[in-house]
Amino acid sequence: MYQAPSYWRSLYYMRVDFVPIWSTGFAKAVQLIKEAVQGERNDELFYNELINLAPSQEQAAIIESIRNDERAHNKMFREMYRALTGQEVTGVSS
């Protein structure tokens, strides 16, 4: 059984002391982008499981659309990482 990503329960997503990524410094920004790649991949896997569990084709199609958005986000973050570092993201699932 697939477990929802732990960061969904994280207080990080409820922070009120938000700091823009560009003020964190280059190394930290690159690390956050790398973490976002993994987060989007985890989300994709979660939605894949929901698609398998969907009670109807119509609901599966809706979830597929959401899953495809996660794939697009993953690609965008990977492109950002490549543009900033000249390298591919390593050490995370693809």
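Here the structure is shown first, and the text comes after it.
Since we're looking at a predicted model, the values are computed, not measured.

Asks: Just to check I follow, could you spell out the overall build of the chain for this structure?
Replies: The number of helices and strands found in the chain is 2 helices and 0 strands. Burial status across the chain gives 28% buried among its 94 residues. Considering only contacts in the chain between residues 6 or more positions apart, those separated by 24 or more positions represent 61%. Approximately 6700 Å² of the chain is accessible, and the part contributed by carbon and sulfur atoms is 57%.

Asks: Explain the pattern of salt bridges here, please?
Replies: If the charged atoms of two oppositely charged side chains come close together, the side chains can form a pair. On inspection of all chains with the given rule, the structure shows 4 salt bridges. Across the pair arginine 41 and glutamate 44 runs a salt bridge, and its minimum N-O distance is 3.3 Å. One end of the pair, arginine 41, and the other, glutamate 44, are both in helix α1 (residues 26-53), 3 residues apart, so they sit about a helical turn from each other. Across the pair, exposure class does not vary: arginine 41 and glutamate 44 are buried alike. Exposure remark for glutamate 44: the relative accessible area of 8% places this residue in the buried category.

Asks: Please clarify how the side chain of asparagine 74 should be interpreted in this entry.
Replies: Examined against the element boundaries, asparagine 74 turns out to sit in helix α2 (residues 57-85). Using a relative accessible area of 6% as the deciding quantity, one classes asparagine 74 as buried. A distance of 2.7 Å separates the side chain of asparagine 74 from the side chain of arginine 78, its partner in a polar contact. Residues contacting asparagine 74, with those up to four places away along its chain left out, are Val37, Glu40 and Arg41.

Asks: Just to check I follow, could you spell out the packing of α1 against α2 for this structure?
Replies: A packed helix pair is summarised by two numbers, namely the angle formed by the two axes and the spacing between the axes. One way to put it is that α1 packs onto α2 with a least axis distance of 9 Å and a crossing angle of 160°. Accordingly, the angle class assigned to the pair α1 and α2 is roughly antiparallel. The interaxial crossing formed by α1 with α2 has left-handed handedness.

Asks: In this structure, what is going on with α2? I would like to understand it.
Replies: Since there are 3.6 residues in each turn of an α-helix, residues three or four apart along the chain are aligned in direction. End to end, α2 covers 41 Å across 29 residues, agreeing with the expected 42 Å (1.5 Å per residue, within 8%). Within α2, burial applies to Ala60, Ile63, Arg67, Glu70, Asn74, Phe77, Arg78 and Tyr81. Buried positions along α2 lie against α1. Following α2 by one or two positions, glycine 86 adopts a phi angle in the positive range, close to 80°.

Asks: What's the story with the nonpolar core in this structure? I'm lost.
Replies: As a rule of thumb, nonpolar side chains are buried together in soluble globular proteins. Core analysis: the largest hydrophobic core is formed by 7 residues, namely Val30, Ile33, Ala36, Val37, Phe77, Tyr81 and Val89. For this core, the secondary structure elements donating two or more residues are α1 and α2. Element by element, the count of residues in this core is highest for α1, at 4 residues. Those residues in contact with valine 89 that lie beyond four places of it in its chain are Lys34, Val37, Arg78 and Tyr81. The next biggest cluster of nonpolar side chains, apart from the first, holds 6 residues, and it includes Tyr47, Ile51, Ala60 and Ile63.

Rules and cut-offs
- Residues numbered from 1 in each chain as written.
- Predicted model: local features only at pLDDT ≥ 70, side-chain atom pairs only at ≥ 80, totals over all residues.
- Heavy atoms only, no water.
- Helix = DSSP H or I, 4+ residues; strand = E, 2+ residues; numbered from the N terminus.
- Buried < 20%, exposed > 50% of the residue type's maximum accessible area, 1.4 Å probe, protein only.
- Contact = heavy atoms within 4.5 Å.
- Areas by Shrake-Rupley, 256 points an atom, 1.4 Å probe, with all protein chains shown as cover.
- Salt bridge = Lys/Arg side-chain N within 4 Å of Asp/Glu carboxyl O.
- Polar contact = N/O pair within 3.5 Å; in protein donor to acceptor, adjacent residues only side chain to side chain.
- Axes fitted to C-alpha atoms, helices over the stretch in contact; angles between N-to-C directions.
- Parallel < 35°, antiparallel > 145°, perpendicular 65-115°, else oblique.
- Left-handed = near helix turned anticlockwise from the far one by under 90°.
- Expected span 1.5 Å × (residues − 1).
- Core = buried A, V, L, I, M, F, W, Y, C linked by side-chain atoms within 4.5 Å.

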